[in-house]
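Now for the letters of each chain:
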Amino acid sequence: SRATPRWLFGLTLTPLIHPAAAAAAAQQQQQQQHPNLNPTGPGGNNGYNNPQNPKWGGSGSSQNPGPQPLALIAANKEPLVLTVASFAVTKLAYVRLTKLFREKYLAEKGVDVRFRLTFAGSGVQARAVIDGLPADMVALALPLDVQKIADAGLLSQEWSKAYPLNSVVCETTVALVVRPGNFRSIHTWEDLLQPGLQIVVANPKTAGVARWIFLALWGSKMKKGDAAAREYVTKVFDNVVVQPRDAREASDVFYRQKLGDVLLTYENEVVLTNQVYGAEKALPYVVPTPNVRIECPLALVDKVLDSRPPAARQAAHDFAKFLFTSDAQVIISSGVIFL
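Keep in mind the model is a prediction, meaning the values are calculated, not measured.

Basis of the calculations
Residues numbered from 1 in each chain as written. Predicted model: local features only at pLDDT ≥ 70, side-chain atom pairs only at ≥ 80, totals over all residues. Heavy atoms only, no water. Phe/Tyr/Trp six-rings, centres within 6.5 Å; stacked < 30°, edge-to-face > 60°. Helix = DSSP H or I, 4+ residues; strand = E, 2+ residues; numbered from the N terminus. Buried < 20%, exposed > 50% of the residue type's maximum accessible area, 1.4 Å probe, protein only. Contact = heavy atoms within 4.5 Å. Polar contact = N/O pair within 3.5 Å; in protein donor to acceptor, adjacent residues only side chain to side chain.

1. Describing the packing of aromatic side chains
On inspection of all chains with the given rule, the structure shows 12 aromatic pairs. Pairing F214 with W218 gives two aromatic rings, centres 6.1 Å apart and planes at 25°, and the pair type is stacked. Of this pair, F214 and W218 both sit in helix α6 (residues 208–220), four residues apart, which is roughly one turn of that helix. Given a relative accessible area of 34%, F214 falls into the partly exposed group. By relative accessible area, W218 is classed as buried at 19%. On the basis of an interplanar angle of 50° and a centroid distance of 6.5 Å, the ring pair of F214 and F237 is categorised as tilted. Taken together, the positions of F214 in helix α6 and F237 in helix α7 (residues 226–238) put the pair 23 residues apart, joining distant regions of the chain. Members of the aromatic cluster, joined through ring pairs, are F101, Y105, F115, F319 and F322.

2. Some remarks on the environment of T188
Looking at the secondary structure, you find T188 in the loop between β6 (174–178) and β7 (199–200). By relative accessible area, T188 is classed as partly exposed at 37%. Sequence separation between T188 and P288 is 100 residues, and the spatial gap between their C-alpha atoms is 5.3 Å. Filtering out sequence-adjacent residues up to four positions away, T188 remains in contact with L176 and P288.

3. Some words on the side chain of D136
Structurally, D136 can be placed in the loop between α4 (122–130) and β4 (137–139). In this structure the side chain of D136 is engaged in a polar contact, spanning 3.1 Å, whose partner is the side chain of R308. Excluding residues that lie within four positions of it along the chain, D136 makes contacts with V81, L82, T83, A299, L300, V301, V304, L305 and R308.

Fair warning: the whole summary comes from geometry, so function is off the table for now.
Next up, the structure:
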């Protein structure tokens, strides 16, 4: 079955009200230390929350609560804020999921949970968390990036056993996006070796998608032995003309800047991008075989949650469980991530 987009949500604390003053100052300092951390409100990277581009999520301002109501402050019921670090192409998706979870959690538990969302290449996010980004949860593009955080001592080595399906919340595969009419006749992995072909693919050093693509390329020749696989992958990368930082930027280069003959990316990213650009500008794609089953896991960052009140861990745990429910999977299955 298929999956869906999502948009951006979070909390802006105000220094104008006494009980929130310290929190606001801390948040400002945290934002300076970790500029990739993206609270709610207008803006956001890559146009996802651009006020001029409602398809990427709209301005977000209607979801920004601004100063907290005095009655709420007086009752000492400030919202609980969770920070989630995920990989670039999930941005729209997690906004819708966090919004739905917040509404359900407030109705069922009486706890107002807000989210601070941060997005970048999966490898970049893993390194940021290891270096001090205070994420309560990570939802990354491949298990290896989560394992790196575990190896740094920030979460349990048994993280994959915490939730269903080895904590894999979504799956997809590799697609080859081509120009209208597919004038280069790209249908199989072998077609990527055409002389003069211009390939766009994200950078394996920063993007999880590129590492999955590397495995898919290697796997397509694996039966012929390591030497044949290495030669094939080398020749494919000889045709690469640009390597953006992540899958979202790679799509921008191919769709918006019109650079390259073929884009290698997640199938879910193609579906989402075609939805955003509309039928007239949507691009065709093929899913070659054999392929890889891309698994994108989540985990709670124990080191961060251990320093927070028990309510924060409980809310983070409940949010993680929520992502495996039918309500969440309906959202996930409508075009953004495939399960």
